[in-house]
Amino acid sequence: GSSEMIRMTIICGQIWTNISNDTSGFGKLLYIDIVNTGSGTMVYLTGQDTVLFRASVGTSDWERMSFLEESLYDGETFYATDFSQSGDTFITVGNFGVINARYSSSNKKTFTNLLKAGNINKVWAESFTDRVITAGDFTNNNSNDNIMYSTNGGGNWELSNYPPGSPQQIYDMEMINNMTGYVMGIRKELNKVMKTTDGGVNWTTESSTVGTDLNKVTFINDSLGYVVGNAGVILKTTVNIIV
């Protein structure tokens, strides 16, 4: 969270140990991921400024992973990252519609020819040469440009067909496979879950309107999923998806 604080538990949340070290100047930490790489299990942190951190699970020896092209501005905040199985390749997204990719320590790319300016809160990548989907906030009241997709690793982007009246701010996205996935968020009283079955090209309403913000979606497997929101709201679905 804020103040560069990182804590770890090994007994189901009863006791927490501070493992912050050498992350000074990083600001708020907004996203965490754990990747089982070939060299062991690693923890990755995303947040303010344009450096990600990683460390082996249980250690505080944080490595800074730069991903910005040298000539570009380094003041953005990044909200989410999707990693390859090696952990060295990743795509990260953030405010002002920024999308950055790191293909190796010496091969980095910033996608500047974007179709939207609103914040991007989530990203999913099938691979870094195939389908990539981003989701976040609209640019303005009539834009409906919350979701973009690429079929060539980010080389070209298209706006999804995201219907009017859908959540204006998307908080979370979960792809079950490369074609089927869900997003959810808020639009005043019109809070609901949206679904795609064609890899992010088109989105349809999956749930009825819920009178509170929806914050997180997760699927345990291909057929069991949950959405949680404010006011103690928990939604459950059991779906039969042909993968």
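Residues numbered from 1 in each chain as written. Predicted model: local features only at pLDDT ≥ 70, side-chain atom pairs only at ≥ 80, totals over all residues. Heavy atoms only, no water.

What follows covers the sheet that holds strand S12 (residues 132-136). Pairing within the open sheet is antiparallel, and its four strands lie in the order S11-S12-S13-S14. Of all the strands in the sheet, the pair left with one neighbour each is strand S11 (120-125) and strand S14 (158-159). Pairing analysis gives four bridges linking S12 to strand S13 (residues 147-150), with the strands arranged antiparallel. Considered in S13, the bridge of Ala135 is made with Ile147. (Pairing = 2+ DSSP bridges. Helix = DSSP H or I, 4+ residues; strand = E, 2+ residues; numbered from the N terminus.)

In this structure, Ile91, Val93, Ile99, Val132 and Trp157 are the most contacted members of the largest nonpolar core, which totals 13 residues. When residues in this core are grouped by element, the largest group, three residues, is from S11. Setting aside chain neighbours within four positions, we find Val132 in contact with Ile91, Val123, Trp124, Ala125, Ser127, Met148, Tyr149, Ser150, Gly153, Gly154 and Trp157. If you look at the next biggest cluster of nonpolar residues, it comprises twelve residues, including Trp124, Ile147, Val183 and Met194. (Core = buried A, V, L, I, M, F, W, Y, C linked by side-chain atoms within 4.5 Å. Buried < 20%, exposed > 50% of the residue type's maximum accessible area, 1.4 Å probe, protein only. Contact = heavy atoms within 4.5 Å.)

Taken together, the side chains of Ile10, Ile11 and Ile15 present a nonpolar region at the surface, about 320 Å² in accessible area. Position of Ile10 among the secondary structure elements: in the loop between strand S1 (7-8) and strand S2 (17-18). (Patch = residues over 30% accessible without salt bridge, like charges linked within 9 Å, V, L, I, M, F, W, Y side chains within 5 Å. Areas by Shrake-Rupley, 256 points an atom, 1.4 Å probe, with all protein chains shown as cover. Salt bridge = Lys/Arg side-chain N within 4 Å of Asp/Glu carboxyl O.)

Before going further, it helps to examine the confidence of the model for the protein. Of all residues in the protein, 88% have pLDDT values of 70 or greater, and the mean over the chain is 84. The weakest mean pLDDT in the protein belongs to strand S6 (residues 63-66) at 84; the strongest belongs to S12 at 95. (pLDDT = per-residue confidence, 0-100.)

Pairing in this open sheet of three strands is antiparallel, and the strands run S19-S20-S21 from one edge to the other. Single-partner strands in this sheet number two, and they are strand S19 (214-219) and strand S21 (234-238). Each strand axis lies, on average, 15° off the axis of its neighbour in the sheet, ignoring direction. Of the pairings in the sheet, the one linking S19 to strand S20 (residues 224-229) comprises five bridges and is antiparallel in character. Each bridged residue has a counterpart across the sheet, and for Lys216 the counterpart in S20 is Val228. (Axes fitted to C-alpha atoms, helices over the stretch in contact; angles between N-to-C directions.)

For Asn146, the position within the fold is in the loop between S12 and S13. Here the side chain of Asn146 touches Pro167 through a polar contact of 3.4 Å, landing on its backbone oxygen. Here Gln168 takes part through its backbone oxygen, which lies 2.6 Å from a polar atom of the side chain of Asn146. Here Asn146 is in contact with Lys116, Thr134, Ala135, Gly136, Asp137, Phe138, Tyr162, Pro167, Gln168, Gln169 and Ile170, once residues within four sequence places are set aside. (Polar contact = N/O pair within 3.5 Å; in protein donor to acceptor, adjacent residues only side chain to side chain.)

Burial along strand S10 (residues 107-110) is one-sided: Lys108 and Thr110 are buried, while Asn107 and Lys109, pointing the other way, are not. Here strand S9 (residues 99-104) pairs with S10 via four bridges, running antiparallel. Within S10, the position partnered with Asn100 by the bridge is Thr110. Taking the residues between adjacent antiparallel strands as the criterion, S9 and S10 are bridged by two residues.

A few words now on the environment of Thr46. Looking at the secondary structure, you find Thr46 in strand S4 (residues 40-47). Here the side chain of Thr46 touches Thr81 through a polar contact of 2.8 Å, side chain to side chain.

Once that is clear, we can look at the packing of aromatic side chains. The geometry of an aromatic ring pair comes down to the distance between the two centres and the angle between the two planes. Evaluation of the coordinates by the stated rule reveals six aromatic pairs. Ring geometry for Phe67 versus Phe78: centroids 5.1 Å apart, planes at 85°, classification edge-to-face. Taken together, the positions of Phe67 in the loop between S6 and strand S7 (78-83) and Phe78 in strand S7 put the pair eleven residues apart, joining distant regions of the chain. Judged by relative accessible area, Phe67 falls into the buried class, the value being 0%. When its relative accessible area of 0% is taken as the criterion, Phe78 is described as buried. (Phe/Tyr/Trp six-rings, centres within 6.5 Å; stacked < 30°, edge-to-face > 60°.)

All right, on to the environment of Val43 then. The topology assignment puts Val43 in strand S4. You can call Val43 buried: its relative accessible area is 12%. Separated by twelve residues in the primary sequence, Val43 and Ala55 place their C-alpha atoms 5.4 Å from one another. Those residues in contact with Val43 that lie beyond four places of it in its chain are Ile32, Asp33, Ile34, Phe53, Arg54, Ala55, Val57 and Trp62.

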